[in-house]
Amino acid sequence: MDLPREKVRQMKKANGSLTRIRADVGRSWYMTGALSSFVGLLFIWALLSYGEYVNSTFLPTPSRVLAVFVQMLQSPNLWSDIGISVYRVTMGFLLAAVIGIPLGILAGTFKFAEAAIQPLTEFIRYMPATAFIPLVMVWAGIGEGAKILVIFIGTFFQMVLMVADNIRLVPEDLLSASYTLGATRFQVITRVLIPAMMPNLMDTLRLMIGWAWTYLVVAELVAANSGLGYSILKAQRFLKTDVIFVGILVIGILGLLTDRLFAFANKKLFPWAEGGS
């Protein structure tokens, strides 16, 4: 039976959009591409490990990693490590956001604030967070504050610059219209600039929470005896590669969950914005 002409036309349009720049390919095509990338990576991993092209000491099989993962899920140690790592990432990220967002808004709004904040921030952001670990241990000791401070340093300076860019992306026409309607400078900032930058700010926070997770292992180098990063480093000493894989996968899963949480919040809070989809 022949398909209706309209249906055929829609199918041709969808197929043609796959090669168009920035064209929407539809949810089904998008999900197919995303799933294919994961399956492809798993296939390569299985091929190299089961085919014994790589020694199992260096690359354990997927089934071995899965078995160790299930075994570790039944142990309270893994859940304790997850809890303390989530705490460290959350506190470091929140501290960076509480200080970095206001500074970024100032730098993106006023040129005098940009001159005072941005050059210094751009200079420091190129310094690796690991280089600060000796100083952090001197400043904050080896307790929880030191680990949180490392994550803060790794995310704060990038956040300030990105928030400033979020402010600058607000169209000048909105500012001109608000002044025309009689808004004061304070009203323009609080009722125009900040609300207009919120969708982009959510995307920035979503990116920064990912940075916070990447700095977790670095933070737990600071005399830690708990946490996912610590468990990975401890497993490395005894060449327990399967445990290392489990730790990496758990961090990846937690990072993906927080990323999806921010994406969901952006979509629900700002459905009218392009960045909220």
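Here the structure is a predicted model, which means the values were calculated and not measured.

## Regarding the overall build of the protein chain
- In terms of regular secondary structure, the protein chain is built from twelve helices and zero strands.
- Helices (α) and strands (β) of the protein chain occur, in sequence order from the N terminus, as α-α-α-α-α-α-α-α-α-α-α-α.
- Against the globule reference of 19 Å for 277 residues, the protein chain gives a C-alpha radius of gyration of 24 Å, more extended than a compact globule.
- Seen along its three principal axes, the alpha-carbon backbone of the protein chain occupies a region of about 75 × 70 × 30 Å.
- Split into buried and exposed, the 277 residues of the protein chain put 38% on the buried side.
- Considering only intrachain contacts with a sequence separation of at least 6, the fraction spanning at least 24 residues in the protein chain is 70%.
- Accessible surface, the protein chain as shown: approximately 17,200 Å² in total, 67% of it carbon and sulfur.
- Put simply, the protein chain has 23 plus and 16 minus side-chain charges, and the middle of one group is 4 Å from the middle of the other.

## Overview of the side chain of Lys147
- Within the secondary structure, Lys147 is located in helix 7 (residues 144–168).
- Side-chain polar atoms of Lys147 contact the backbone oxygen of Ile142, separated by 3.0 Å.

## Comments concerning the side chain of Thr121
- You can see Thr121 is positioned in helix 5 (residues 111–125).
- Those residues in contact with Thr121, other than ones at most four positions away along the chain, are Phe157, Val160 and Leu161.

## Topic: a nonpolar patch on the surface
- Side chains of Phe43, Ile44, Leu47, Leu48 and Tyr53 sit close together on the surface and give an oily, nonpolar patch of about 540 Å² of accessible area.
- Structurally, the position occupied by Tyr53 is in the loop between helix 2 (27–50) and helix 3 (62–73).

## Some words on the layout of surface pockets
- Roughly 450 Å³ of volume is contained in the second largest pocket.
- As for the second largest pocket, its lining consists of 19 residues, and the residues nearest its centre are Met72, Asn77, Ser231, Lys234 and Val243.
- Listed by contribution, the elements that provide at least two residues to the lining of the second largest pocket are helix 3, helix 4 (76–109), helix 11 (228–237) and helix 12 (241–269).
- Along the lines of polarity and charge, the residues of the lining of the second largest pocket split into seven nonpolar, seven polar and five charged.

## So, unusual backbone geometry
- Phi angles above zero are rare outside glycine, and Glu52 is one such case at about 60°.
- Tracing the backbone shows Glu52 in the loop between helix 2 and helix 3.
- Classification of Glu52 as exposed rests on a relative accessible area of 69%.

## Structural notes on the nonpolar core
- Core analysis: the largest hydrophobic core is formed by 64 residues, its most contacted members being Phe93, Ile101, Met159, Leu205 and Leu228.
- Sort the elements by how many residues they give to this core and helix 7 lands first, with 13 residues.
- Excluding residues within four positions of it along the chain, Leu205 makes contact with Phe93, Ala97, Ile101, Met159 and Phe262.

## Focus on the packing of helix 4 against helix 5
- Contact pair helix 4 / helix 5: the axes reach a minimum separation of 6 Å and the direction vectors enclose 125°. Put simply, helix 4 runs oblique to helix 5. Of the residues in helix 5, those touching helix 4 at Leu103, Leu106, Ala107 and Thr109 are Lys111, Ala113, Glu114 and Ile117.
- A class-by-class count of the residues in the contact of helix 4 with helix 5 yields five nonpolar, one polar and two charged.

## Concerning the environment of Gly51
- Looking at where Gly51 falls in the secondary structure, it is placed in the loop between helix 2 and helix 3.
- Considering only alpha carbons, one finds Gly51 and Thr61, ten residues apart in sequence, at a separation of 9.6 Å.

## Quick look at the UniProt feature "transmembrane region" (unreviewed entry) in the protein chain
- As recorded in UniProt, the sites labelled "transmembrane region" (unreviewed entry) are residues 29–48, 86–111, 123–142, 210–231 and 243–263.
- From the first C-alpha to the last, residues 86–111 spans 37 Å; its make-up is 96% helix and 0% strand.
- The distance from the first to the last C-alpha atom of residues 123–142 is 27 Å, and the span holds 55% helix and 0% strand.

## Description of the packing of aromatic side chains
- Within this structure, the stated rule accounts for six aromatic pairs.
- When the centroid spacing of 4.9 Å and the interplanar angle of 25° are considered together, the rings of Phe152 and Phe156 count as stacked. Taken together, the positions of Phe152 and Phe156, both in helix 7 and four residues apart, correspond to about one turn of that helix.
- We classify Phe152 as buried; its relative accessible area is 12%.

Scoring rules and cut-offs
- Residues numbered from 1 in each chain as written.
- Predicted model: local features only at pLDDT ≥ 70, side-chain atom pairs only at ≥ 80, totals over all residues.
- Heavy atoms only, no water.
- Helix = DSSP H or I, 4+ residues; strand = E, 2+ residues; numbered from the N terminus.
- Rg over C-alpha atoms; globule rule 2.2 N^0.38 Å.
- Buried < 20%, exposed > 50% of the residue type's maximum accessible area, 1.4 Å probe, protein only.
- Contact = heavy atoms within 4.5 Å.
- Areas by Shrake-Rupley, 256 points an atom, 1.4 Å probe, with all protein chains shown as cover.
- Lys, Arg positive; Asp, Glu negative; His and termini not counted.
- Charge placed at Lys NZ, Arg CZ, Asp CG, Glu CD.
- Polar contact = N/O pair within 3.5 Å; in protein donor to acceptor, adjacent residues only side chain to side chain.
- Patch = residues over 30% accessible without salt bridge, like charges linked within 9 Å, V, L, I, M, F, W, Y side chains within 5 Å.
- Salt bridge = Lys/Arg side-chain N within 4 Å of Asp/Glu carboxyl O.
- 1 Å grid on protein atoms, 1.4 Å probe; cavity = no way out; pocket = protein on both sides within 12 Å on 5 of 7 lines; lining within 4 Å.
- Points joined across faces, edges and corners; volume = space filled by probe spheres on them.
- Nonpolar A, V, L, I, M, F, W, Y, C, P; charged D, E, K, R; others polar.
- Core = buried A, V, L, I, M, F, W, Y, C linked by side-chain atoms within 4.5 Å.
- Axes fitted to C-alpha atoms, helices over the stretch in contact; angles between N-to-C directions.
- Parallel < 35°, antiparallel > 145°, perpendicular 65-115°, else oblique.
- UniProt positions renumbered as here; feature names shortened; annotations may be inferred.
- Phe/Tyr/Trp six-rings, centres within 6.5 Å; stacked < 30°, edge-to-face > 60°.

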